Amino acid sequence: MLLPLCTILAFNARAEYLELPCPEERELASQTLQHIENEWPMRGSGDPVTQYVQNLGARLVGTALDGQGVIWRFMVVRNLEPNAFSIGNGLIFITEGAMNLAQNESELAAIIAHEIGHELGGHFCRQSSFLLSHLLDVFSSKTSEQVQHGSITQEIEPAKEQQADRIAIRLLQQTGFDPYAILEISRRLANSHAGHFQDSNRLKSLEQALKSLNPLPVDSSDAFLAIKRSMSAE
């Protein structure tokens, strides 16, 4: 059973998380999920790669909504284009391409944390059409942008991307991942895809948010390395 989710994250000294009901979000996410499952190949829920991503996602959201009873689902799309997106109601997707692009577990956690940030920021409560928020496609010089992906329309709003980044940084800190990983993976995504404009304001915002934080040593997660090897062997 999927539960409705609309959460606003308040950044203060105690890092309080305030959950608010959002009735329209559940229906919108359910309809969007049907389109995704009909159009894109997915790894099964019992697949080791999916289970690894689900566990990593659960570790990140556990710090934000521990005991709140929210059901989160983290799914892997069988597509080599690096991308990640959320659709509301705790539903988050990451492509195999994004997993391949991540060089360590902190970078992969950063991609997922950014999408969790959209959920926690309540970015799906006031939408009237199928709108997705992609990490890959946020590098735009425009104030707002819409991109078509099959039957689904994606809307990019830099202000929401920056808010999702700030939330992601807090989640990474609280779970012991290197917060600077989100800046590294964002730069690599921007530089490796010439068709997408770099949003210099977003990158500057990330740099500013990280300025007072100390980087952590590069992680060497055995689980991450094992999953990368298994994907390469397929």
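The structure presented is a predicted model; accordingly, all values stated were derived computationally and were not measured. Every chain's residues receive numbers from 1 upward, in the order its sequence appears when written. Where totals are concerned, whole chains, interfaces and linings use all residues; where local detail is concerned, this predicted model gives features only for residues with pLDDT of at least 70, and gives and counts side-chain atom pairs only at 80 or more. Values reported for side chains reflect all heavy atoms of the structure, with hydrogen atoms and water molecules removed beforehand.

1. Side note on the confidence of the model for the protein chain
- One number per residue, pLDDT, summarises how confident the predictor is, and it ranges from 0 to 100. Summing up the model confidence of the protein chain, the mean pLDDT is 77 and the portion of residues at 70 or higher is 70%.
- Low pLDDT, under 50, characterises residues 1-21; the stretch is placed with 61 contacts to residues that sit more than four places away or in other chains.
- Throughout residues 127-144 the model reports pLDDT below 50, and contacts reaching past four residues in sequence, or to other chains, amount to 80 contacts. Note on contacts: a residue pair is in contact if any heavy atoms of the two residues lie within 4.5 Å.

2. A closer look at the packing of helix α5 (residues 158-174) against helix α7 (residues 200-210)
- Running from amino to carboxyl end, α5 crosses α7 at an angle of 25°, the nearest separation of the two axes being 10 Å. With respect to each other, α5 and α7 are oriented roughly parallel. The hand of the α5/α7 crossing is right-handed. In this structure, α5 contributes Glu161, Gln162, Asp165 and Ile169 to the contact, and α7 contributes Asn201, Arg202, Ser205, Leu206, Ala209 and Leu210.
- Residue polarity follows a fixed list, in which Ala, Val, Leu, Ile, Met, Phe, Trp, Tyr, Cys and Pro are nonpolar, Asp, Glu, Lys and Arg are charged, and the others, Gly among them, are polar. Within the contact of α5 with α7, the residues separate by chemical class into four nonpolar, three polar and three charged. Inter-axis angles, ranging from 0 to 180 degrees, are taken between N-to-C directions of lines fitted to C-alpha atoms, where helices are fitted over the stretch in contact. Comment: elements are numbered from the N terminus, with helices defined as DSSP H or I runs of at least four residues and strands as E runs of at least two. Note on angle classes: values under 35 degrees are labelled roughly parallel, values over 145 roughly antiparallel, values of 65 to 115 roughly perpendicular, and the remainder oblique. What makes a crossing left-handed is the near helix being turned counterclockwise from the far one by less than a right angle; a clockwise turn instead makes it right-handed.

3. Remarks on the nonpolar core
- Counting residues in each nonpolar core, the largest one holds 42 residues, and the members touching the most others are Ile94, Met99, Leu108, Ile112 and Ile116.
- Apart from residues no more than four positions distant in its own chain, Ile112 is found in contact with Val53, Leu56, Gly57, Leu60, Phe74 and Ile94.
- Residue types Ala, Val, Leu, Ile, Met, Phe, Trp, Tyr and Cys, when buried and joined through side-chain atoms within 4.5 Å, form a set referred to as a nonpolar core. Accessible area is worked out with a 1.4 Å probe on protein chains only. A residue is then buried under 20% of its type maximum, exposed over 50%, and partly exposed in between. Within the second largest apolar cluster, nine residues are counted, among which are Leu33, Ile36, Ile87 and Phe93.

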